[in-house]
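# A closer look at the structure
Read off the chains here:
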Amino acid sequence: MTRDGVTGAAETAGETRGGQTKAAILRAARERFAAQGYERTTIRAVAADAGIDPSMVMRYFGNKERLFDAALTVDLRLPDLSAVPEGELAQVLVRHFVERWEGDPADDALLVLLRSAVTNEAAAARMREVFATQVAPALAAALGPERGPRVAGLVSTHLLGLALTRYLLRLPAVAALPPEAVITTLTPALAATLWSTP
């Protein structure tokens, strides 16, 4: 192998390790922020959870605020609601969030953000931004530009209430329900909100 080939392979391996390290830091940060909130989470604790030196966290993210921002970049990955029939809209929304959170709630940035938003104004502002820039436009596409944003706040009460009680507080009566039962039970309430809000 040529010297250039060796160098290229080494650079690729370094980039792969760097990507894995960064991913490990972000996962550890989400878990810490979810468990302890912004104020009590430390760079040292995140580094220990990721199995690396604290200097590596600083190298990739600079400080706790930037780490928080990176860990809590939220993409709701909402489907195109404009193509969903009216009678199915509530179920599509509930199913989307339940399936998202059932996967790995500890690593879900939205849940971490929800926990942190209670005590941290920056997190609360980020949560408002997520729903204003993602949920409201998605509902506007389905319900119209006037109703969509008005309904988005009330829809969010259902979805964030579910997130809080099932995945963060883990209230026994809610946490014990099978995912399909959650979807079946919550859909009528969300449908009532969607279609009764003026």
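This text goes with the structure placed above it.
Now for a description of the structure that goes with this document. (Residues numbered from 1 in each chain as written. Predicted model: local features only at pLDDT ≥ 70, side-chain atom pairs only at ≥ 80, totals over all residues. Heavy atoms only, no water.)

Let us look at the overall build of the protein chain. When you go through the protein chain residue by residue, the secondary structure sums to ten helices and zero strands. Along the protein chain, from the amino end to the carboxyl end, the secondary structure elements read α-α-α-α-α-α-α-α-α-α. Considered along the principal axes of its C-alpha atoms, the protein chain spans approximately 65 × 40 × 30 Å. Put simply, the protein chain has 198 residues, and 40% of those count as buried. Summarising the internal contacts of the protein chain: among those between residues at least 6 apart in sequence, 66% fall at separations of at least 24. Accessible area of the protein chain: about 10,400 Å², with a carbon and sulfur share of 57%. A gap of 6 Å separates the mean positions of the 21 positive and 22 negative side-chain charges of the protein chain. (Helix = DSSP H or I, 4+ residues; strand = E, 2+ residues; numbered from the N terminus. Buried < 20%, exposed > 50% of the residue type's maximum accessible area, 1.4 Å probe, protein only. Contact = heavy atoms within 4.5 Å. Areas by Shrake-Rupley, 256 points an atom, 1.4 Å probe, with all protein chains shown as cover. Lys, Arg positive; Asp, Glu negative; His and termini not counted. Charge placed at Lys NZ, Arg CZ, Asp CG, Glu CD.)

Next up on the list: unusual backbone geometry. Even without being glycine, R77 reaches a positive phi, approximately 50°. Considering the arrangement of structural elements, one finds R77 in the loop between α4 (64–71) and α5 (89–103). Among the residues examined, R77 registers a relative accessible area of 53% and is labelled exposed. The residue R170 is not glycine, and still its phi comes out positive at about 55°.

Time to look at helix α6 (residues 109–117). The buried fraction of α6 is high, at eight of nine residues. Listed as buried for α6 are A109, L110, L111, V112, L113, L114, S116 and A117.

So, on to the packing of aromatic side chains. Both the distance between ring centres and the angle between the ring planes are used here to describe each pair of aromatic rings. Applying the stated rule across the entire model yields six aromatic pairs. Cluster of aromatic residues (ring-pair linked, three or more members): F33, Y38 and F68. A cation over an aromatic ring shows up here: R59 above the ring of Y60, its NZ or CZ 5.4 Å from the ring centre. The ring of Y38 has K64 sitting right over it, with the charged end atom 4.4 Å from the ring centre. (Phe/Tyr/Trp six-rings, centres within 6.5 Å; stacked < 30°, edge-to-face > 60°. Lys NZ or Arg CZ within 6 Å of the ring centre and 35° of its normal.)

With that settled, consider the nonpolar core. Ranked by size, the top nonpolar core spans 58 residues in total, and within it F33, L67, W101, L110, L139, V155 and L194 carry the most contacts. The element that contributes the greatest number of residues to this core is helix α7 (residues 121–143), accounting for ten residues. Once residues within four sequence positions are removed from consideration, L139 is found in contact with L81, L93, G144, G148, V151, A152, V155 and L194. (Core = buried A, V, L, I, M, F, W, Y, C linked by side-chain atoms within 4.5 Å.)

Below, the discussion takes up a nonpolar patch on the surface. Judged by side-chain polarity, L164, L169 and L171 come together as a nonpolar surface patch covering roughly 260 Å² of accessible area. Within the fold, L164 resides in helix α8 (residues 147–168). The class for L164 is partly exposed, based on a relative accessible area of 37%. (Patch = residues over 30% accessible without salt bridge, like charges linked within 9 Å, V, L, I, M, F, W, Y side chains within 5 Å. Salt bridge = Lys/Arg side-chain N within 4 Å of Asp/Glu carboxyl O.)

Turning our eyes to something else, we now look at the packing of α7 against α8. Running from N to C, α7 and α8 point in directions that differ by 120°, and their axes come no closer than 8 Å. In terms of orientation, α7 and α8 fall into the oblique class. Considering the relative orientation of α7 and α8, their crossing is right-handed. Contact residues: α7 offers M127, F131, V135, A136, L139, A140 and L143, while α8 offers R147, G148, P149, V151, A152, V155, S156 and L160. Tallied by class, residues from the contact of α7 with α8 come to twelve nonpolar, two polar and one charged. (Axes fitted to C-alpha atoms, helices over the stretch in contact; angles between N-to-C directions. Parallel < 35°, antiparallel > 145°, perpendicular 65-115°, else oblique. Left-handed = near helix turned anticlockwise from the far one by under 90°. Nonpolar A, V, L, I, M, F, W, Y, C, P; charged D, E, K, R; others polar.)

Scope: geometric values only; no functional claims are made or implied.
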